[in-house]
Amino acid sequence: MSSYVLKRLLILIPVLLGMTLIVFSIIHAIPGDPAETILGQKATEQSKEALRLQLGLNKPWLQQYATYLGDLFRGDLGNSIRTKASIATEILPYLAATLELTVTSMLFATFVGVNAGIISAWRQNFWSDYTLMIIALMGVSMPIFWLGLMEQWIFSIKLHWLPSIGRMDQRDPVESITNMYIIDAMLSGRWDQVWTVMKHLILPSIALGTIPMAVIARMTRSSMLEVMKLDFVRTAKAKGLSMFFVVYKHALKNASIPVLTVIGLQTGALLGGAVLTETIFAWPGVGRYIYEAISSRDYPVIQSGILIIAFIFVVINLIVDLLYAFIDPRIQYK
Amino acid sequence: MSKPILEIKDLRTHFFTDRGEIPAVDGIDLYIQPGEVLGVVGESGCGKSVTSLSVLKLIPQPPGKIVSGSIVFKGKDIVPLKESEMRKIRGNSISMVFQEPMSSLNPLFTVGHQIGETIRLHRGKSHKEARIHTLDMLRKVGIASPDAILNEYPHRLSGGMRQRVMIAMSIACSPELLIADEPTTALDVTIQAQILDLIRRLNEEQGMAVMLITHDLGVVAEMCHRVAVMYAGKVVEEGSVHDIFKNPLHPYTQGLIQSVPRMSETRERLYSIPGNVPVLSMSLRGCRFAARCEHVMPRCLEAIPHLSQQEEGHSCRCWLYESTQEDAV
């Protein structure tokens, strides 16, 4: 197992290098003079030349890439053109907010999706199967902004059950430590705030988790249908195990690999930010951060944003790969 | 004669498919005495496996269903039993070994876990006690180093080892009846002999009754006390091993025995029964074997013969041996 983990980690090195190279090349391929973009069109040729020298833009391409890699290695993502602040420090709270929302959305999506898929497969072509799969179909096809607005209209405006926007009660702000407010509220021992923060998470999590939930449900169903036909399921029944154990223990573990793949991909997609959900629920996440950078042509922020999202995908893929080997002992030996 | 441990009476298991109702098991009568090895022989698709799955009520439902008949195990009919009651029987008093040791074990759990699971379930033992019991079982099925096998996953074992593990799992709760559904079909010939040896030893030592399902007459001659020959969902002949091999009555049984290759003969081509097993349907009339039978008579196409006793403990379902003119059901 440890040699497998090591191998997976070593493979990561070329992947990360390739990733930085692509991101670096894309930004370089964009036409236009960076110095002019930064200083504006009215800047003198002299000041532009001085800035080029300062940024090292006159150096050869490969050397610039090397400098860029060196900076990345030290955790320096450069500065935002718009705010002049360091991107690495600026993006962290946004990432934390996105992470918090992603985790709760995916917990909802996985729990509901996997169970719905199992119940569907348990009795294929039964009314429960049809009902759940119609709900799943609606889930994937529903526009997310419409779902979000409907949630707000029903649960906030009509029923007054849940807050419609934001992450916490503005009159009683959570002391920011990690900027994941559930954890922060726990750290400061404010259990009443934990509850408030959770209530703020419910509606955006459902809005964001609905599509992954539907995808997971469909994948679980088809994977379970495959596995339930296999011989060892019959063996498990012949042992005298109850259907619950046959399904949730013997079959589910075997059906879990494709489901896990889907969960990984969906998590990566959500961590990249969800502009629509974040906008509707006034959630200060990465999606909006990058969206604002794009609309103000803040290239260093866009570049770093792409890089971070790509990095998150790589890490999630690694975790999923390691989980495969943990679930299925045959994978390491292939 | 003591009371049979298992008595199947007029069992009918039908499958309800798009092509209509298929009588896979069409009125079967079988019994097994305690400590006896009963061979159930027949070609593929004759209903052997469906019969064995019916006994554990593991017929996939839908499309399958036990339509009528009774399966009396230790004096109690299990057909009307609820799932929860059946679960107490499965793997405990009646257990089953399947044909494919490759796919019958769960690839994602260790051998020890899978055997231990049965013991914990039926004997209510702790993990630790179950482990000791599991090691005993592995030793019993002839695995030399049980400690090493215990934490292995099935894919690391050979076919023969896996089948031993399957058997260890089936006998872990000392069942009174073991159903072995072609337990050696997927194995090498040398391994086959070892596994059959093991099953016979368990039968002799523990007095465990065995229902051995096979299409291999060699295995039957070697292992069984009594034989039931099945054809197209019906038992066509039933008797002691001696009777069946020395004096086969039904033309199908005769054909089966003839089609076993013999070293002493120098025939160019091997003998085979012409034709195929008929496609089963509710509208079949007459003897199921009529289309392939060399003794076929007009009467054979009209009605199904009875399974009638020809000599002590030897019965046959064929018009050749029926003198009465009355029509069968």
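Predicted model, so just to flag it, every value in this text is computed and none were measured.

Conventions we followed
Residues numbered from 1 in each chain as written. Chains lettered and ligands numbered in written order. Predicted model: local features only at pLDDT ≥ 70, side-chain atom pairs only at ≥ 80, totals over all residues. Heavy atoms only, no water. Axes fitted to C-alpha atoms, helices over the stretch in contact; angles between N-to-C directions. Helix = DSSP H or I, 4+ residues; strand = E, 2+ residues; numbered from the N terminus. Parallel < 35°, antiparallel > 145°, perpendicular 65-115°, else oblique. Left-handed = near helix turned anticlockwise from the far one by under 90°. Contact = heavy atoms within 4.5 Å. Nonpolar A, V, L, I, M, F, W, Y, C, P; charged D, E, K, R; others polar. Buried area = accessible area lost by both parts, 1.4 Å probe. Salt bridge = Lys/Arg side-chain N within 4 Å of Asp/Glu carboxyl O. Polar contact = N/O pair within 3.5 Å; in protein donor to acceptor, adjacent residues only side chain to side chain. Pairing = 2+ DSSP bridges. Buried < 20%, exposed > 50% of the residue type's maximum accessible area, 1.4 Å probe, protein only. Phe/Tyr/Trp six-rings, centres within 6.5 Å; stacked < 30°, edge-to-face > 60°. Core = buried A, V, L, I, M, F, W, Y, C linked by side-chain atoms within 4.5 Å. UniProt positions renumbered as here; feature names shortened; annotations may be inferred.

*Asks:* For the packing of helix α10 (residues 231-238) of chain A against helix α11 (residues 243-271) of chain A, give the residues involved together with the corresponding values.
*Replies:* Residues and elements named next belong to chain A. In contact at an axis separation of 10 Å, α10 and α11 are set at 155° when each is read in the N-to-C sense. Comparing their axes, α11 and α10 come out roughly antiparallel. For the pair α10 and α11, the sense of crossing is right-handed. When α10 is examined against α11, the residues Phe232, Val233, Ala236 and Lys237 are found in contact with a partner set consisting of Met243, Val246, His250, Ala251 and Asn254. Of the residues in the contact of α10 with α11, the class split is six nonpolar, two polar and one charged.

*Asks:* Got a sec to walk through the interface of chain A and chain B? Specific residues and values, please.
*Replies:* Contacts between the two partners involve 19 residues from chain A, matched on the other side by 27 residues from chain B. Overall, the association of chain A and chain B removes approximately 2,200 Å² of surface from exposure, summing both partners, and the carbon and sulfur fraction of that is 62%. Ranking the residues of chain A by area buried against chain B places Arg234(A), Ala238(A) and Lys239(A) at the top, with a combined share of 27%. Where chain A meets chain B, there are two salt bridges. The partner of Lys239(A) in a salt bridge is Glu117(B), and the shortest N-O contact between them spans 2.6 Å. Where chain A touches chain B, the interface holds 13 residue pairs in polar contact (both at pLDDT 80 or more). Of all the secondary-structure elements, those providing two or more residues to the side of chain A that touches chain B are α10 and α11 of chain A. Top contributing element to the side of chain A that touches chain B by residue count: α10(A), with six residues.

*Asks:* Outline the sheet that holds strand β12 (residues 314-316) of chain B, supporting the account with residue identities and numerical values.
*Replies:* Residue and element names in this part refer to chain B. Across the sheet, which stays open at both edges, the eight strands sit in the order β6-β7-β8-β3-β9-β10-β12-β11 with mixed pairing between neighbours. Each of the sheet's edge strands pairs with one partner strand only, and the pair in question is β6 (94-97) and β11 (308-311). Taken over all neighbouring pairs, the strand axes of this sheet differ in orientation by 25° on average, direction set aside. Sheet topology places strand β9 (residues 226-231) next to strand β10 (residues 234-240); six bridges connect them, and they run antiparallel. Note on β10: the bridge partner recorded for Met230 is Val235. The sheet contacts of helix α1 (residues 48-55) involve β3 (37-41), β6, β7 (177-181), β8 (209-214) and β9, and relative to β8 the element is tilted by about 150°. Lying on the sheet, helix α11 (residues 251-258) is in contact with β9 and β10; it crosses β9 at an angle near 105°.

*Asks:* An account of the pairing of β11(B) is needed here, citing residue identities and associated values.
*Replies:* Residue and element names in this part refer to chain B. Here three bridges tie β11 to β12, and the two strands are oriented antiparallel to one another. Bridge assignment links Gln309 to a residue of β12, and that residue is Ser315. Linking two consecutive strands that pair antiparallel, namely β11 and β12, is a turn of two residues; a positive phi of about 70° is found at Gly313 within it.

*Asks:* Which residues make up the pattern of salt bridges, and what values go with them?
*Replies:* Under the definition given, this model contains 26 salt bridges over all chains. Residue Lys249(A) is joined to Glu117(B) by a salt bridge in which the shortest nitrogen-to-oxygen separation is 2.6 Å. One end of the pair, Lys249(A), is in helix α11; the other, Glu117(B), is in helix α4 (residues 111-123), on a second chain. Classification of Lys249(A) by relative accessible area gives buried; the value is 18%. By sharing partners, the salt bridges in this structure join Asp10(B), Arg12(B), Asp26(B), Lys234(B) and Arg288(B) into a single network.

*Asks:* How would you summarise the pairing of β7(B) if you had to cite specific residues and measurements?
*Replies:* All names here are of chain B. Across the five residues of β7, five count as buried, placing the element largely inside the fold. Neither face of β7 is exposed, since Leu177, Ile179 and Asp181 on one face and Leu178 and Ala180 on the opposite face are all buried. With four bridges connecting them, β6 and β7 associate as parallel partners. Within the sheet, the bridge partner assigned to Ser95 lies in β7 and is Leu178.

*Asks:* An account of the packing of aromatic side chains is needed here, citing residue identities and associated values.
*Replies:* With the rule as written, the count across this model stands at 12 aromatic pairs over all chains. On the numbers, 4.5 Å between centres and 55° between planes, the contact of Tyr231(B) with Tyr252(B) is tilted. With a gap of 21 residues between them, Tyr231(B) in strand β9 and Tyr252(B) in helix α11 connect regions that are remote in the sequence. The class of Tyr252(B) is buried, set by a relative accessible area of 0%. An aromatic cluster is built from Phe24(A), Trp61(A), Tyr65(A) and Tyr68(A), whose rings are joined through pairwise contacts.

*Asks:* Account for the nonpolar core, with residues named and values stated.
*Replies:* In this structure, Leu6(B), Leu30(B), Ile115(B), Ile167(B) and Leu177(B) are the most contacted members of the largest nonpolar core, which totals 97 residues. Residue contacts for Leu30(B): discarding those within four places in its chain leaves Leu6(B), Glu7(B), Ile8(B), Leu38(B), Val40(B), Thr51(B), Met211(B), Ala228(B) and Val235(B). Formed by 38 residues, the second largest nonpolar core is a distinct cluster that contains Val197(A), Met224(A), Leu241(A) and Ile263(A).

*Asks:* Go over the sheet that holds strand β2 (residues 20-32) of chain B with me, naming the residues and quoting the values.
*Replies:* All names here are of chain B. A sheet is described by the order of its strands in space; here four strands give the open sequence β2-β1-β4-β5, paired in antiparallel fashion. A single partner strand is all that each edge strand has here, and the edge strands are β2 and β5 (76-77). Sheet topology places strand β1 (residues 6-17) next to strand β4 (residues 64-73); eight bridges connect them, and they run antiparallel. Residue pairing for β4: Ile8 is matched across the bridge by Ile71. Lying on the sheet, α1 is in contact with β1, β2 and β4; it crosses β1 at an angle near 110°.

*Asks:* Would you mind going over the packing of α11(A) against helix α14 (residues 299-327) of chain A in detail, with residue names and values included?
*Replies:* For any two helices packed against each other, the geometry is given by the interaxial angle and the distance between the axes. Residue and element names in this part refer to chain A. It is the contact of α11 with α14, at a shortest axis distance of 9 Å, that shows an interaxial angle of 170°. When the interaxial angle is binned, α11 and α14 end up roughly antiparallel. The two elements α11 and α14 meet at a crossing, and its hand is right-handed. Taking contact as the criterion, the partners of Lys253, Ser256, Ile257, Leu260, Thr261, Gly264, Leu265, Thr267, Gly268, Ala269 and Leu271 in α11 are, on α14, Ile312, Phe313, Ile316, Val320, Leu323, Tyr324 and Ile327. Split into classes, the residues belonging to the contact of α11 with α14 amount to 12 nonpolar, five polar and one charged.

*Asks:* Quick one: what's the story with the UniProt feature "domain: ABC transporter" (unreviewed entry) in chain B, residue by residue and with numbers?
*Replies:* With numbering aligned to this structure, UniProt lists the feature "domain: ABC transporter" (unreviewed entry) at residues 6-257 of chain B. Here residues 6-257 of chain B is 40% helix and 28% strand, with 27 Å between the C-alpha atoms at its ends.

*Asks:* Any chance you could break down the environment of Leu107(A) for me, citing the residues and the numbers?
*Replies:* All names here are of chain A. Following the sequence through the fold, Leu107 ends up in helix α5 (residues 87-122). Here Leu107 falls in the exposed class, since its relative accessible area comes to 57%. Considering only alpha carbons, one finds Leu107 and Ser205, 98 residues apart in sequence, at a separation of 9.1 Å.

*Asks:* Tell me what's going on with unusual backbone geometry, and back it up with residues and numbers.
*Replies:* Residues and elements named next belong to chain A. For Lys84, which is not a glycine, the phi torsion comes out positive at approximately 65°. Along the chain, the position of Lys84 falls in the loop between α4 (61-73) and α5. The exposed category is assigned to Lys84, whose relative accessible area is 60%. With a phi close to 55°, His160 is a non-glycine residue in the positive phi region. You can see His160 is positioned in the loop between α7 (144-158) and α8 (181-187). Residue classification places His160 among the exposed positions, given a relative accessible area of 63%.

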